[in-house]
Amino acid sequence: MGYINLSNEQVNISNGEVLFEESGHKFIWLGWDEADIKGSFIQVNQYLIISNGKGTLLDPGGVHVFPKVVANVSRYIDLADIKNIFYTHQDPDVSSGIAMWLSITSANVYISKLWVRFLPHFGITDVSRIIPIEDNGGRIDSFEVIPAHFMHSPGQHTLYDPTSKILFSGDVGAAVFGSKTYLFVEDFNAHVALMEGFHKRYMASNAVCRNFVNRVRKYDINMIAPQHGAVFKKESAKSFLSWLESLRCGSDIVDEISR
Ligand SMILES: [Fe+2]
Ligand SMILES: [Fe+2]
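Residues numbered from 1 in each chain as written. Chains lettered and ligands numbered in written order. Predicted model: local features only at pLDDT ≥ 70, side-chain atom pairs only at ≥ 80, totals over all residues. Heavy atoms only, no water.

Looking at the nonpolar core
- Judged by nonpolar contacts, the single largest core of 56 residues is most densely connected at L19, F27, Y47, F86, M151, F240 and L244.
- When near neighbours in sequence (up to four residues on either side) are disregarded, Y47 contacts L19, F27, I28, W29, L30, T56, L57, L58, F168, A225, P226 and V231.
- In terms of nonpolar packing, the next biggest core, distinct from the first, is built from 29 residues, V44, V65, I82 and V94 among them. (Core = buried A, V, L, I, M, F, W, Y, C linked by side-chain atoms within 4.5 Å. Buried < 20%, exposed > 50% of the residue type's maximum accessible area, 1.4 Å probe, protein only. Contact = heavy atoms within 4.5 Å.)

What follows is the structure in structure tokens.
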């Protein structure tokens, strides 16, 4: 089927959608439930890549979303076939469910080496299935792990799937929805208003943003899938990277925000 071709109105919010599918390779957005959208906590996206019959979970999140994520993952793959769990960084909305995921899968967990010793505070004692990611990224199976340090965490990575050409960008590209939610960015300029506050405050500096943009522009990107907010298709992904590389944020505006 290639890439999803649905309007926002046609998206199945609760079950999730397959964003890309070809020869059994799938990149899946795992949907939202009411709590995701209406809770007092920030809305989160989780994704699942299925490749050669094995699953890779991307930032599967914490306790609030766990039942929904398990239910939706199970629509697509047996939990026993989850092979990898990739965490962009250490935040609770990303990785606080680690104890539950380790108990219901036999997956290995990948996260920046900076955070391996912190994860046990989310309730585990055995770190033998946690595999540290080096600062320069690397590979998990066929996926490219691309450094995104200080975007926003000091040890942060994104993941590029060369088969679907989808970049899972973690907090980069995050939007904070108001009353209206949608899966795909359709009006980029309107969407900027939902991203601006987050990026200005959570991203470390313009220099860091430019470093990241230069890094990911080397890849052929058809979609950018962030951990919060909406997915960018090809044209809006380009607009997003242009916007990001000129953003003043973090240390650039520290005097303004601390005044
Ligand atoms: Fe974060
Ligand atoms: Fe986040």
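The rest of the description comes next.
A closer look at the coordination of the iron ion (ligand 2)
- Bound to the iron ion (ligand 2) are the protein donor atoms D93 (OD), D171 (OD), Q227 (OE1) and H228 (NE2), situated 2.1 to 2.3 Å from the metal.
- If you list the donors of the iron ion (ligand 2) from N- to C-terminus, the spacing comes out as D-x77-D-x55-Q-H.
- The metal-metal distance between the iron ion (ligand 2) and the iron ion (ligand 1) comes to 3.5 Å, with D171 coordinating both. In this pair, D171 sits in the loop between strand 12 (166-170) and helix 5 (188-202) while H228 sits in the loop between strand 13 (223-226) and strand 14 (232-233), placing the two residues 57 residues apart along the sequence. Each member of the pair D171 and H228 is classed as buried. (Donors = N, O, S within 2.8 Å, 3.2 Å for Na, K, Ca; no water. Helix = DSSP H or I, 4+ residues; strand = E, 2+ residues; numbered from the N terminus.)

Structural notes on the pattern of salt bridges
- Taken as a whole and assessed by the stated rule, the structure comprises nine salt bridges.
- Here D81 makes a salt bridge to K54, at a shortest N to O gap of 3.3 Å. With D81 in the loop between helix 2 (66-76) and strand 6 (82-86) and K54 in strand 5 (residues 54-58), this residue pair connects regions lying 27 residues apart in the sequence.
- A relative accessible area of 37% places K54 in the partly exposed class.
- For K238, the salt bridge identified is with E235, shortest N-O distance 3.7 Å. With a gap of three residues between them, K238 and E235 both fall in helix 7 (residues 234-245), about one helical turn apart.
- Owing to a relative accessible area of 47%, K238 belongs among the partly exposed residues under this scheme. (Salt bridge = Lys/Arg side-chain N within 4 Å of Asp/Glu carboxyl O.)

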